[in-house]
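Structural overview for review
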Amino acid sequence: MKVIFTDVLVIGGGLAGLRMGIGAKRRGHEVIVLSLVPPKRSHSAAAQGGMQASLANVIKGQGDSEDVHFEDTVRGSDWGADQDVARMFVNTAPKAVRELAAWGLPWSRVAPGDREVIINSQRVTITEREEARGLVAQRDFGGTKKWRTCYVSDGTGHAMLYTASDRAIAEGIEVHERAEAIALIHDGKRCYGAVVRDLITGELRAYLAKATAIATGGAGRLYSITTNAVICEGIGHAIALETGVACLGNMEAVQFHPTGIVPVGILMTEGCRGDGGLLRDVDGHRFMPDYEPEKKELASRDVVSRRMEEHIRKGKGVKSRFGEHLWLDVTLLGRKHIEHNLREIKEICESFLGIDPAEKWIPVRPAQHYTMGGVRTNHTGESPHLKGLFAAGEAACWDLHGFNRLGGNSVAETVVAGMIVGEFIADFCDKPENTVDAPIGLAQEFVEREEAKLKTLLNGNGAENAFKLNTEMQDIMTRSVGIFRNGEALKEGVENLQKLLERSRNIGLTSKAPGVNPELVAAYRTQKMIKLALTVAYGALQRTESRGAHFREDYPNRDDQNWLKRTLSFWRDENATLPELQYETFDVMKMELPPGWRGYGAKDYIDHPDTAKRQAEIEELRKRMEGEGKDRFAVQEALMSFRDKLPENLRGLNERIDEPLNG
Amino acid sequence: MSDDQKNTASGGQTRQRMLTFHILRYNPQDPDSKPRMQSYQLEEAEGMTLFLALSEIREHQDPTLQYDFVCRAGICGSCSMLINGRPGLACRTLTKELGTDITLAPLPVFEHIGDLSVNTGKWMRGMSERLETWVHAKEEEVNLSKAETRMDPELADKIYELDRCVECGSCVAACGTAQMRNDFVGAVGMNKVARFKLDPRDARTDDDFYELVGDDSGVFGCMSLLGCHDVCPKELPLQTQIAFLRRKMVTIKS
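**Some words on the overall build of chain B**
When you go through chain B residue by residue, the secondary structure sums to ten helices and seven strands. Once the C-alpha set of chain B is aligned to its principal axes, its extents read approximately 60 × 55 × 35 Å. Once local pairs closer than 6 in sequence are excluded, the contacts in chain B between residues at least 24 apart make up 64%. Carbon and sulfur atoms make up 48% of the accessible area of chain B, which amounts to about 11,500 Å² in all. Put simply, chain B has 30 plus and 38 minus side-chain charges, and the middle of one group is 2 Å from the middle of the other.

Encoded structure:
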C-alpha cells in the first residue's frame, strides 16, 4: 500500500480548494490538492457572470455596504442562511476582490463619464464618477438592491480560477491531478485523510493528513438537465455522508437557474438579464412584470424559475421537438455589448444553437444549477461531528445560502470561504494536540475495504448496468424532485430511489480493462450518487413547507413556526436505504434580520412566534443607538456581534469612495 | 419574432444520417493493448455534438472508451482532440458540420493516457512553472482593507483578452516546433509571457522575460508556421503576440 503524508489534504482543485490550500500553505503547512481534472478545468471556470462584493464603486452601487449585501443574501436565502456566516462573508468579499486584484486578476474597471445602459428595457445614460476611475466595476444581478457584481468581461470564473491556480503554482502547492477520493479515513471521531484512486492507473493510495478539506463543488449530475459540468457528481458530499459520522445539511435545497439553453442545459449567464435582457413567451410578450412588478426578470433565481414554469403551464411556452421553452431576448443590448461583455454567450449560441444572439432570441428553460446543500460545518468550516474534516464552497453547508443562493454569491463564496477556512485549518494544524500519529493500520483497513468493493464490482457478476441506473436516477430526480414538488410525487420518487439503491448493490461490469476503466468509475460513483439523491428526495418529502428553491404545491407557504430549521442527513447504517434526518433549529432572538417578506415572490408566510418580539427589540435598539449618534458598525455590533468569529487578519473594515479609512 | 425563428423552434422531422466514427484505441495500462483504429456506427441526432456522440458510444456500445470532457460548453479546454486530423474542442463540434465518416485521435505531443485522453494538465503545469505565469508583485503584503490599485479600463480589457486562453493544447498539437523539441513552450506559453509583460502589476523587466523565452525553446524556436493561430478555439491573436514578443526580444540583445 502506498501512503502519502501531508499536513493538509484538500479534495478538489476549484476555487474554494485552491484558496484554502494557499491559505494553509502560507501559514507554513504542507498542502496536497487532489483534483479529478487539471485544476484549471474545474467547474469554477464556468461562472461567467461575476462575484458580489459591496465595493460601491459604480454610480448604481453608491450607498452599497456590507449591511445591504447581508440583507440581500439573507432575503435571498429565504431566511435559511446562518446569519453569522452571512456577516463574515459580506465583510470578507471586498477583501477577496482586492486580493485577487493584487494577484493579477484583470477585473473590468470603471471608466468615468457617461455611458448607455439598459434598465427595465429602456436605454438610459448614467454617469460614472471621476473618483471611481480605474477602480473595479460592478454590474446588476438578480435579487440585489445595488449593482454589486464585480466581473471580468464575461469570463469571471475562468479568470479567477486561472489567477488562483497560478498563485497556487507560485506557492509551490502540489496538485495530484486525475486523483479521486473515494472514501475518508476516520475512526468515528477524527478524520485522518482519504483513500484515493488514481484515474490514470486505477491504483489505490492512502493519503494521511492532520486536516482534510472537501471542496468538490456541486452535485448537479443528480438531474438530467443541469448547467453543471460532467464532473459535478457530488462524490465529495457522498464520501462525507458515507462516514456515517459527518452529515449533510439542507440537501433538498436545489437551485434551478432560469436560463439553461434548450435542450442541453448549458448556462446563459444571469449577466444577460443583469445587463437588461428580457424573458418572452410564445407570443413574444415580456411576462415577468405581470408576476413580479418589483424585480421583474431580476427577482431571485428560485422565483424567476418558478414563474417561468408557471407561465409554461398556462400554455404560453414555445413548443419544440425538445419540449417547451421560453425565449431569452438580449437583442436590445446591441451587438457591441454582446460581443464585448457577453462574448461567451455569443460563442455558445453559435456553437450549440447555430444562432446569433444579437439578432435572434435564445431558447431557454430552467435547469438544475446549484447545490445549496453540502457537508455541514460550523462557521470555521469544520464538521461539528468529525474532527479534522473541513469543507468549503458549494460542497459545504456552513451555511451562506440557505434555501436559495443569489447570483454572484457562489464564486464569491468559494474565495471568501477559502480565505476564512484556510486560516482556521492552519490554526487547527498549529495546535500540538492535532498532530497525527499516522494511523497506518487504519489506512490499511480502509484501503482494503475499498479494494474489496471494487473487486466485487469487477468480479461479482452483478446483473445491473451502471450507466442505465444513473440515467434512471436522473429521470426520477427530474420527474419527482424538480422545481414544483408535492407529497405524492416525492413519496413515489423516494420509493423508486430506494429500489434503485438496492439494485445498485448488484451492479456488474462488462469490462475488466486495467487502468482507469470508465465503466468501473461509473459504477462506484452511481452507487454513491443514488444515496445522495435519496438525501435530496427524502429531505424534500419531509419538509412540509415552501422555502426558497424548495417549493411544495401541497404546502405553498413558508412556515417559520414549524420549519425555521436546517435539515441534517446522516447515513449511519451502510445497509440502510434511507438517510436518518435530524433538524437544527434557528434562534430568531439572535437574528440580526428576523424573517419577513423577501421583497419579491410570495407574500404569505406563517410567522415564527418570536419574530414580532425580536423585530420590536431591534427597532428599539436601533432607535436608541442612532439617537445617541452611534454609527452603523456600532449598531450592527450590538444587534449581532460577528467580528470576533473571523480570523484576525480578516476583521478589518472595507474602504469605499464614500467611506474612506483613516490612516 | 421572425417566421424563420418559428421554423427553427418547431423543427421539421428529417431522416437522420448514419455516422461512422473511426477512433484511435490504445490503453497503455494494458500490456495486451496495441494501438489500432476502431469503428462505431451511430445514428445522428438533432444538435448532436462529439460530446453527445462519444457519451452515447461509451454508454451503449463500448464502456472502455476513454476521453476527457468536463464543462461540455467550450469553456474548460479539456476535450481538444484531432477531429479529422485537426485539433479542436470536441464538445462544441457539431456532427452536422462533419461528413458521415469522422476520424478521432488523441492530440500529439502530450503524454498519452488512453484512447482520446492525453495529459495536457502535466504539460501545462510544467510550462507554468518554467515561465512563472503569475504576477511577480512589487510589494509582498497587500492591505486588504484599502481600496484596490487603479487600472486603466482599456488595459484591463487588453489583459483579459490574452487571459482568455483555456490551455486546451490545440496550439501545441498544431505546432511544428513542439513536435521536434520537448522543451518548446508553445504559443500558449508565449501568449502568457505577453500577457504578464502587459500587466503593470508584474515587476519583471524585459530582461527577465528574455531569460524565460529568449532562446530556441521560446520565441526563437518558432518557425512561423502559425498552425497555432489557425486552430486556437478562443481565436487569440497568437500570431501578433509571437511577432511582438520576438521583436522585443531581438532588440534586448542587439
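**With respect to the interface of chain B and chain A**
Of the residues lining the interface, 73 residues belong to chain B; the matching set on chain A comes to 92 residues. Counting each side, the surface lost to burial between chain B and chain A is near 6,600 Å², with a carbon and sulfur contribution of 53%. Counting across the chain B and chain A interface gives ten salt bridges. For the salt bridge of A:Lys40 with B:Glu167, the shortest nitrogen-to-oxygen distance reads 2.9 Å.

**Focus: a nonpolar patch on the surface**
Residues and elements named next belong to chain A. On the surface, a cluster of nonpolar side chains totalling about 290 Å² of accessible area is made up of Met1, Phe5 and Ile440. Tracing the chain through its elements places Phe5 in strand E1 (residues 2–11). For Phe5, a relative accessible area of 49% corresponds to the partly exposed category.

**Observations concerning the layout of surface pockets**
Over the atoms rolls a probe the size of a water molecule, and its path tells where empty space is left. Taken as a whole, the second largest pocket holds about 910 Å³ of empty space. As for the second largest pocket, its lining consists of 29 residues, and the residues nearest its centre are A:Arg115, A:Glu116, A:His337, A:His340 and A:Asn341. Those elements that place two or more of their residues in the lining of the second largest pocket are strand E4 (113–119), strand E5 (122–128), strand E6 (138–139) and helix H9 (335–341) of chain A together with helix H4 (153–163) of chain B. Split by residue class, the lining of the second largest pocket holds ten nonpolar, eight polar and eleven charged.

**Observations concerning the environment of A:Gly388**
All names here are of chain A. Inspection of the secondary structure puts Gly388 in the loop between strand E18 (374–376) and strand E19 (389–391). When the C-alpha atoms of Gly388 and Cys429 are compared, they prove to be 9.1 Å apart, with 41 residues separating the residues in sequence. Those residues in contact with Gly388, other than ones at most four positions away along the chain, are Arg190, Cys191, Lys210, Ala211, Thr212, Glu382 and Phe428.

**Some remarks on the pattern of salt bridges**
Between side chains of opposite charge, a pair can form as their charged atoms come close. All names here are of chain A. By the definition in use, this model includes 94 salt bridges over all chains. Residue Arg558 is joined to Asp560 by a salt bridge in which the shortest nitrogen-to-oxygen separation is 3.0 Å. The same class applies to Arg558 as to Asp560, namely buried. If you follow the salt bridges from partner to partner, you end up with Asp78, Glu252, Asp302, Arg306, Arg543, Glu545, Arg547, Arg558, Asp560 and Arg598 in one network.

**Thoughts on the nonpolar core**
Membership of the largest hydrophobic core comes to 111 residues, with the highest contact counts inside it found for A:Met51, A:Trp107, A:Met160, A:Met268, A:Ile362 and A:Ile425. Element by element, the count of residues in this core is highest for helix H11 (residues 410–430) of chain A, at twelve residues. Beyond its immediate chain neighbours, meaning those up to four positions away, A:Trp107 contacts A:Met51, A:Val97, A:Leu100, A:Ala101, A:Val136, A:Cys150, A:Tyr151, A:Val152, A:Thr156, A:Met160 and B:Ala156. In terms of nonpolar packing, the next biggest core, distinct from the first, is built from 85 residues, A:Val245, A:Phe467, A:Leu469 and A:Val536 among them.

**Observations concerning unusual backbone geometry**
Residue A:Val262 is joined to A:Pro263 through a cis peptide bond whose omega torsion reads 5°. Here the amide bond leading from A:Trp398 into A:Asp399 is cis, since omega sits at 10°, within 30 degrees of zero. Mapped onto the fold, A:Asp399 is located in the loop between strand E20 (396–397) and H11. One non-glycine residue, B:Glu235, lies in the positive phi region at around 50°.

**Re the sheet that holds E20(A)**
Residues and elements named next belong to chain A. Spatial strand order, E20-E18-E12-E22-E23: five strands in an open sheet with mixed pairing. Both outer strands of the open sheet, E20 and strand E23 (580–585), are each paired with one neighbouring strand and no more. One ladder, built from six bridges, connects strand E22 (residues 565–570) with E23; its direction is antiparallel. Counterpart to Arg566 in the pairing with E23 is Glu584.

**Section: the side chain of A:Arg221**
As for its position among the elements, A:Arg221 is in the loop between strand E11 (204–214) and helix H5 (235–241). We note that A:Arg221 is buried and unpaired, the nearest opposite charge coming from A:Glu233 at a distance of 6.5 Å. Looking at A:Arg221, its side chain comes within polar contact range of the main-chain oxygen of A:Asn228, at 2.7 Å. Discounting chain neighbours no more than four positions away, the residues touching A:Arg221 are A:Thr226, A:Asn228, A:Ala229, A:Val230, A:Cys232, A:Glu233, A:Met473, A:Gln474, A:Met529 and B:Arg72.

**A look at helix H18 (residues 632–639) of chain A**
All names here are of chain A. Within H18 the residues assigned to the buried category are Val635, Gln636 and Leu639. Seen end-on, H18 carries its buried residues on one side only, within an arc spanning 100°. Residues of H18 that are buried sit in contact with helix H3 (83–102) and helix H17 (611–627).

**Regarding the packing of aromatic side chains**
Residue and element names in this part refer to chain A. By the definition in use, this model includes nine aromatic pairs over all chains. Considering the side-chain rings of Trp563 and Tyr583, the 5.3 Å spacing of their centres and the 80° angle between planes classify their relative orientation as edge-to-face. Taken together, the residues span a long stretch of sequence, with Trp563 in helix H16 (residues 560–563) and Tyr583 in strand E23 at a distance of 20 residues. Exposure remark for Tyr583: the relative accessible area of 29% places this residue in the partly exposed category. A cation over an aromatic ring shows up here: Arg167 above the ring of Trp103, its NZ or CZ 6.0 Å from the ring centre. Sitting over the face of the ring of Tyr605, Arg558 holds its NZ or CZ atom 4.4 Å from the ring centroid.

**Looking at the sheet that holds strand E4 (residues 86–89) of chain B**
Residue and element names in this part refer to chain B. Judged by pairing direction, the sheet is mixed, and its five strands sit side by side in the order E2-E1-E5-E3-E4 without closing on themselves. Strands with a single pairing partner mark the edges of an open sheet, and in this sheet they are strand E2 (36–43) and E4. Direction aside, the axes of adjacent strands within the sheet are offset by 35° on average. Set on the sheet, helix H2 (residues 50–60) makes contact with strand E1 (18–25), E2, strand E3 (80–83) and strand E5 (101–105); between it and E1 the angle comes to about 75°.

**Considering the side chain of A:Asn228**
Secondary-structure assignment places A:Asn228 in the loop between E11 and H5. A distance of 3.0 Å separates a polar atom in the side chain of A:Asn228 from the backbone nitrogen of A:Gly220. Apart from the residues lying within four places of it in its own chain, the contact partners of A:Asn228 are A:His43, A:Gly218, A:Ala219, A:Gly220, A:Arg221, A:Gln368, A:His369 and B:Arg72.

**Side note on the packing of H3(A) against H11(A)**
Residues and elements named next belong to chain A. Interhelical geometry of H3 versus H11 gives an angle of 95° and a closest axis separation of 9 Å. One element, H3, and the other, H11, form an angle in the roughly perpendicular class. Residue-level contacts link Met88, Phe89, Thr92, Ala93, Lys95, Ala96, Glu99 and Leu100 of H3 to Ala412, Glu413, Val415, Val416, Met419 and Ile420 of H11. Its residues placed into classes, the contact of H3 with H11 shows ten nonpolar, one polar and three charged.

**Details of the domain arrangement of chain B**
Residue and element names in this part refer to chain B. Domain boundaries in chain B define domain 1 (10–118) and domain 2 (132–253). Taking only C-alpha atoms into account, the centre of domain 1 sits 31 Å from that of domain 2. Between domain 1 and domain 2, the contact holds 14 residues from the first and 14 residues from the second. Contact between domain 1 and domain 2 buries roughly 1,000 Å² in total, counting both sides, with carbon and sulfur atoms accounting for 61%. Inspection of the domain 1/domain 2 interface yields zero salt bridges. Run the count over domain 1 and domain 2 and you get four residue pairs in polar contact (both at pLDDT 80 or more).

How each quantity is defined
Residues numbered from 1 in each chain as written. Chains lettered and ligands numbered in written order. Predicted model: local features only at pLDDT ≥ 70, side-chain atom pairs only at ≥ 80, totals over all residues. Heavy atoms only, no water. Helix = DSSP H or I, 4+ residues; strand = E, 2+ residues; numbered from the N terminus. Contact = heavy atoms within 4.5 Å. Areas by Shrake-Rupley, 256 points an atom, 1.4 Å probe, with all protein chains shown as cover. Lys, Arg positive; Asp, Glu negative; His and termini not counted. Charge placed at Lys NZ, Arg CZ, Asp CG, Glu CD. Buried area = accessible area lost by both parts, 1.4 Å probe. Salt bridge = Lys/Arg side-chain N within 4 Å of Asp/Glu carboxyl O. Patch = residues over 30% accessible without salt bridge, like charges linked within 9 Å, V, L, I, M, F, W, Y side chains within 5 Å. Buried < 20%, exposed > 50% of the residue type's maximum accessible area, 1.4 Å probe, protein only. 1 Å grid on protein atoms, 1.4 Å probe; cavity = no way out; pocket = protein on both sides within 12 Å on 5 of 7 lines; lining within 4 Å. Points joined across faces, edges and corners; volume = space filled by probe spheres on them. Nonpolar A, V, L, I, M, F, W, Y, C, P; charged D, E, K, R; others polar. Core = buried A, V, L, I, M, F, W, Y, C linked by side-chain atoms within 4.5 Å. Pairing = 2+ DSSP bridges. Polar contact = N/O pair within 3.5 Å; in protein donor to acceptor, adjacent residues only side chain to side chain. Arc of directions from axis to C-beta. Phe/Tyr/Trp six-rings, centres within 6.5 Å; stacked < 30°, edge-to-face > 60°. Lys NZ or Arg CZ within 6 Å of the ring centre and 35° of its normal. Axes fitted to C-alpha atoms, helices over the stretch in contact; angles between N-to-C directions. Parallel < 35°, antiparallel > 145°, perpendicular 65-115°, else oblique. Domains from an automatic or database assignment.

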